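Below are the chains, spelled out letter by letter.
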Amino acid sequence: MEATYDKELVEKITVIRNGGYQVDIYSNGSGLRPALTDRLLELGIQSFTFNLSTLDEAQYYQTRGTKGLPKVLPNLDYLLAQEAVKNQQTKVTIVVVGALDRRHAENVEMVRQRFANTPVSNIYIIPMVEFAGKKDQGLLPIPLPHEKLQGCLWKRDLDWLHFDATGEAILCCHDYFSQYKMGNIETANVREIYQGEPIQQWRHWISGEEEAPEDFICHRCAYAVTENHVENLRKWFCSRCELPDLLGEENACKQCGDVGLVIDYIQNNSNVNL
């Protein structure tokens, strides 16, 4: 569900901010009209991250099934013109998702040029991949399943709570079909969800404390921790990536949010043994 089309978004964020929490918004920007932008900035949104994979209208429609690009760009331009963004009080990031091929490189260059003289904080490259539970044509295949689970690279089971559009708490954002439900926020509180029996059992499976069933979702996830994780990331992504040759390593690997930056993090933190 696109957050900016939620009619109760401002009310929900108001409750969260009154509780003392920061808010980051992930969006495609299609519903971020100026009036909504003003309200969100008044609430002190910490950051916006936009999925903007191309500036080509035909390609945008082909990959998303919507002709919303002419709405998205003015919405982003309005946000970038606001003082809170100009002074970096609210940060704006753009992610360019693609298949790590020539077309992906062209889209990255187009987006970088389009927003070169704006207060956009970062433009990250993200590989389009078969995450757990979703099988679409055109996505990069991953040689899975994992035989042994050893944790979640993003600690989704420990540091996050995910909800679908109906209010169901689910195991992870990669559970596209809401198969792993933990309770509905309308009938259960956060403590009950976060400490409930379902998530407690799944944490044992994810960590490897107990052997998970063969059909458990994390067996099929690109970000389930494995032995030699850096080597595996390079095998799954870097070995087929054309972007370093097309854009240069500094403009490709160093800006690759889901792989390059993760590899740097693992290698530069001695306490991370993957």
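Residues numbered from 1 in each chain as written. Predicted model: local features only at pLDDT ≥ 70, side-chain atom pairs only at ≥ 80, totals over all residues. Heavy atoms only, no water.

As recorded in an unreviewed UniProt entry, the chain goes by Putative radical SAM and comes from Prochloron didemni P1-Palau.

Caption draft 1: Layout of the sheet that holds strand β7 (residues 181–184). Pairing in this open sheet of three strands is antiparallel, and the strands run β5-β6-β7 from one edge to the other. With partners counted over all chains shown, the strands left at the sheet margins are β5 (162–163) and β7, one partner each. Here β5 runs beside strand β6 (residues 168–170); their pairing, made up of two bridges, is antiparallel. Bridging across to β6, H162 finds its partner in I170. (Pairing = 2+ DSSP bridges. Helix = DSSP H or I, 4+ residues; strand = E, 2+ residues; numbered from the N terminus.)

Caption draft 2: Geometry of the sheet that holds strand β2 (residues 47–51). Taken in spatial order, the four strands make up an open sheet running β1-β2-β3-β4, and their pairing is parallel. Two strands in the sheet have a free side with no partner beyond their single neighbour: β1 (24–27) and β4 (122–127). Taking the axes of each pair of neighbouring strands and ignoring which way they run, one obtains an average angle of 20 degrees across the sheet. Pairing between β2 and strand β3 (residues 91–98): five bridges, direction parallel. Directly across from F50, in β3, lies its bridge partner I94. (Axes fitted to C-alpha atoms, helices over the stretch in contact; angles between N-to-C directions.)

Caption draft 3: Examining the UniProt feature "domain: 4Fe4S-binding SPASM" (unreviewed entry) in the chain more closely. Residues annotated in UniProt with the feature "domain: 4Fe4S-binding SPASM" (unreviewed entry) correspond here to residues 159–221. Secondary structure content for residues 159–221 is 27% helix and 14% strand, and the end C-alpha separation is 18 Å. (UniProt positions renumbered as here; feature names shortened; annotations may be inferred.)

Caption draft 4: Structural context of the nonpolar core. Ranked by internal contacts, the top residues of the largest apolar core, which has 69 residues, are F115, L171 and F216. Lining this core are residues from two domains, each supplying at least three of them: domain 1 (3–128 + 245–269) and domain 2 (149–224). Those residues within four positions of F115 in sequence are excluded, and the remaining contacts are L52, L73, L76, D77, L80, I94, V120 and I123. (Core = buried A, V, L, I, M, F, W, Y, C linked by side-chain atoms within 4.5 Å. Buried < 20%, exposed > 50% of the residue type's maximum accessible area, 1.4 Å probe, protein only. Domains from an automatic or database assignment. Contact = heavy atoms within 4.5 Å.)

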